[in-house]
Amino acid sequence: MKMKEKEKMFKEKIERLIEIIARKKRWDCYEILNLDVIMDHGKFVKADITVFYSDENDFDEVLKSKF
């Protein structure tokens, strides 16, 4: 598998995880503002994520995470 394909696969998996979190946390809406995946020789190193969301109480928040 080529580097770009692996990076795309990791991004898609992270997007699915964000969808699961949104359902469990009952976010009314969300938007992924930033999703950077860093790979080194085909191996996952780090991801930087920024998500804007609104919950059922109309509370707007930004979630930032690195892992």
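See the structure printed just above.
Residues numbered from 1 in each chain as written. Predicted model: local features only at pLDDT ≥ 70, side-chain atom pairs only at ≥ 80, totals over all residues. Heavy atoms only, no water.

Pulling in residues and values, what's your account of the overall build of the chain?
Each helix and strand counted, the chain has one helix and three strands in total. Looking at the chain as a whole, 24% of its 67 residues qualify as buried. When contacts within the chain are restricted to residue pairs at least 6 apart in sequence, those whose partners lie at least 24 apart make up 32%. As displayed, the chain has an accessible area near 5300 Å², and 51% of this comes from carbon and sulfur atoms. Distance between charge centroids for the chain: 9 Å, based on 15 positive and 15 negative side chains. (Helix = DSSP H or I, 4+ residues; strand = E, 2+ residues; numbered from the N terminus. Buried < 20%, exposed > 50% of the residue type's maximum accessible area, 1.4 Å probe, protein only. Contact = heavy atoms within 4.5 Å. Areas by Shrake-Rupley, 256 points an atom, 1.4 Å probe, with all protein chains shown as cover. Lys, Arg positive; Asp, Glu negative; His and termini not counted. Charge placed at Lys NZ, Arg CZ, Asp CG, Glu CD.)

For a negative patch on the surface, give the residues involved together with the corresponding values.
Judged by side-chain charge, D28, E56, D58, D60 and E61 come together as a negatively charged surface patch. Inspection of the secondary structure assignment puts E56 in the loop between β2 (43-55) and β3 (60-66). (Patch = residues over 30% accessible without salt bridge, like charges linked within 9 Å, V, L, I, M, F, W, Y side chains within 5 Å. Salt bridge = Lys/Arg side-chain N within 4 Å of Asp/Glu carboxyl O.)

I'd like a rundown of a nonpolar patch on the surface, residues and numbers included.
Taken together, the side chains of L33, F52 and V62 define a hydrophobic patch exposed on the protein surface, amounting to about 240 Å² of accessible area. Along the chain, the position of F52 falls in strand β2.

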